[in-house]
Amino acid sequence: MENLKLSILHVSHLSNEDAASLFGLSCEIAEPVQSEMGELLLAAFAKLKANNKPFMQQINKLHKSALTDDVLAAHKVCDNVFAEIKRTVVYESKSRDVNKKDAALALDFFLKPYRDVTKSPLVTQIELSAECCAKYNADAAIKSAATKIGVDTLFAEFETDNHKLSSIYKTRNEEVSQRSTSGTDLRPAASESYQQFCTVLEQAVNLTPKPALIKLFNSIDELRKKHHALLPNAKAKKGEEE
């Protein structure tokens, strides 16, 4: 049987905020499984928690920007508008009006790749939403279908709201990045501990596999894939180490 190996993730290429998210979520997932860990994995996990705690505290303090509430508000607006588009499409797909039903089904197919966009990390949501709007604007048939069921104005609103969210998010990040204090000084220890934990976890599931550890491995691997998608260049260079 081939050894299990975690997906490639260039941790050093993640922003401080995304790295803190990765380390913190990894700790949350691993916490309930401690009783199933061997001595070495338990030691690696303890070190990860100890080094990540001050890093996360510094990042959380750093990102208490005055613009954070504006980002959250704009984010909620985008989520609500997109949810309204999906609700209307679902409703009209059951319409007795054949024209409306066909239009709704066409839109449902069009929206399939973006159906869960609001569950994505914020940066990914902004990018996918912009992509969705661009494809919508370039497709006359889809725009016509949207008009038939009355969501054309919602698509225009969604595009405007997503652009506003993107602008506020970028402004907040620029404001935060200009501060003198950063999480850079605490990040190396947290990153090294995370990599050690992942290495020991790989060894544990291959040498002493247990259902609980395999489940933990799969959850950690899924987190790595999600954070890999946040990298500026999501296609990692083959063979490059973390």
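See the structure shown above.
Residues numbered from 1 in each chain as written. Predicted model: local features only at pLDDT ≥ 70, side-chain atom pairs only at ≥ 80, totals over all residues. Heavy atoms only, no water.

## Observations regarding the overall build of the protein
Selection criterion: Starting at the N terminus, helices and strands are each numbered in turn, a helix being any DSSP run of H or I of at least four residues and a strand any DSSP run of E of at least two. Between buried and exposed lies partly exposed: a residue is buried under 20% and exposed over 50% of the maximum accessible area for its type, with that area taken using a 1.4 Å probe on protein chains only. Only heavy atoms matter for contacts: two residues are in contact if any of them lie within 4.5 Å across the pair. Note on areas: Shrake-Rupley, 1.4 Å probe, and residue coverage restricted to the protein chains presented here.
Of the regular secondary structure elements, the protein holds nine helices and zero strands. When the helices and strands of the protein are read in sequence order from the N terminus, they spell out α-α-α-α-α-α-α-α-α. Taking all 242 residues of the protein together, the buried fraction comes to 39%. Expressed as a percentage of contacts within the protein between residues at least 6 apart in sequence, the contacts between residues at least 24 apart total 78%. Here the protein displays about 14000 Å² of accessible surface, and carbon together with sulfur accounts for 54% of that area.

## Examining the packing of aromatic side chains
The following threshold applies: Planes of paired rings set the category: under 30 degrees apart is stacked, over 60 is edge-to-face and the rest tilted, where pairs are Phe, Tyr or Trp rings (Trp by its six-membered ring) whose centres lie within 6.5 Å.
What the rule picks out here adds up to six aromatic pairs. Where Phe-23 meets Tyr-194, the ring centres are 5.2 Å apart and the plane angle is 35 degrees; that geometry is what we call tilted. Of this pair, Phe-23 sits in helix H1 (residues 16-30) while Tyr-194 is found in helix H8 (residues 187-207), placing the two residues 171 residues apart along the sequence. The same class applies to Phe-23 as to Tyr-194, namely buried. These aromatic residues form a ring-pair network of at least three members: Phe-23, Phe-55 and Tyr-194.

## Description of the nonpolar core
To keep things clear, this is the line we draw: Joining through side-chain atoms within 4.5 Å is the link that ties buried Ala, Val, Leu, Ile, Met, Phe, Trp, Tyr and Cys residues into a set, and such a set is a nonpolar core.
In this structure, Tyr-194, Phe-197 and Leu-216 are the most contacted members of the largest nonpolar core, which totals 32 residues. Elements supplying a minimum of two residues to this core: H1, helix H2 (39-62), H8 and helix H9 (211-228). By residue number, the principal contributor to this core is H8, which donates eight residues. Discounting residues that sit within four places of it in the chain, Leu-216 has contacts with Ile-29, Ala-30, Val-33, Met-37, Phe-197 and Leu-201. With 30 residues, the next largest nonpolar core counts Tyr-114, Tyr-136, Phe-155 and Tyr-169 among its residues.

## Topic: the environment of Asn-162
Heads up, the condition is: Contacts described as polar in this section are N or O atom pairs within 3.5 Å, which, within protein, must combine one atom able to donate a hydrogen with one able to accept it, while residues neighboring in sequence count only if both atoms come from side chains.
The topology assignment puts Asn-162 in helix H7 (residues 152-177). Those residues in contact with Asn-162 that lie beyond four places of it in its chain are Cys-78, Gln-125, Ile-126, Ser-129 and Ala-130. Polar contacts involving the side chain of Asn-162 include one to the main-chain carbonyl oxygen of Ile-126, which spans 3.2 Å.

## A word on the environment of His-10
By secondary structure assignment, the location of His-10 is in the segment before H1. Relative accessible area serves as the criterion here: at 3%, His-10 is assigned to the buried category. Between the C-alpha atom of His-10 and that of Arg-224, which follows or precedes it by 214 residues, the distance is 9.3 Å.

## Things to note about the pattern of salt bridges
For clarity, the threshold we go by: Salt bridge, as used here, is a side-chain nitrogen of Lys or Arg placed within 4 Å of a carboxyl oxygen of Asp or Glu.
Evaluated as defined, the whole model comprises six salt bridges. Of the charged contacts, one joins Asp-116 and Lys-119 as a salt bridge, the two residues approaching to 3.8 Å between their closest N and O atoms.

## Some words on the state of the cysteines
Put simply, the rule is: By disulfide we mean two sulfur atoms from cysteines, separated by a distance within 2.5 Å.
Applying the stated criterion across every chain, the model contains zero disulfides. No disulfide involves Cys-132; its nearest neighbouring cysteine sulfur is the one of Cys-133, lying 5.4 Å away. A relative accessible area of 1% places Cys-132 in the buried class.

## A short note on H9
As a reminder of what qualifies: Multiplying one less than the number of residues by 1.5 Å gives the expected span of a helix. Think of it as the arc spanned by the lines of direction from the helix axis to the C-beta atoms.
For H9, with 18 residues, the first-to-last C-alpha span of 26 Å sits near the 26 Å given by 1.5 Å per residue. Regarding H9, the residues found buried are Leu-213, Leu-216, Phe-217, Ile-220, Asp-221, Leu-223, Arg-224, His-227 and His-228. One side of H9 carries all its buried residues, which in axial view fall inside an arc of 160 degrees. Turned more than 90 degrees away from the buried face of H9 sit Pro-211 and Lys-215, all of them exposed.

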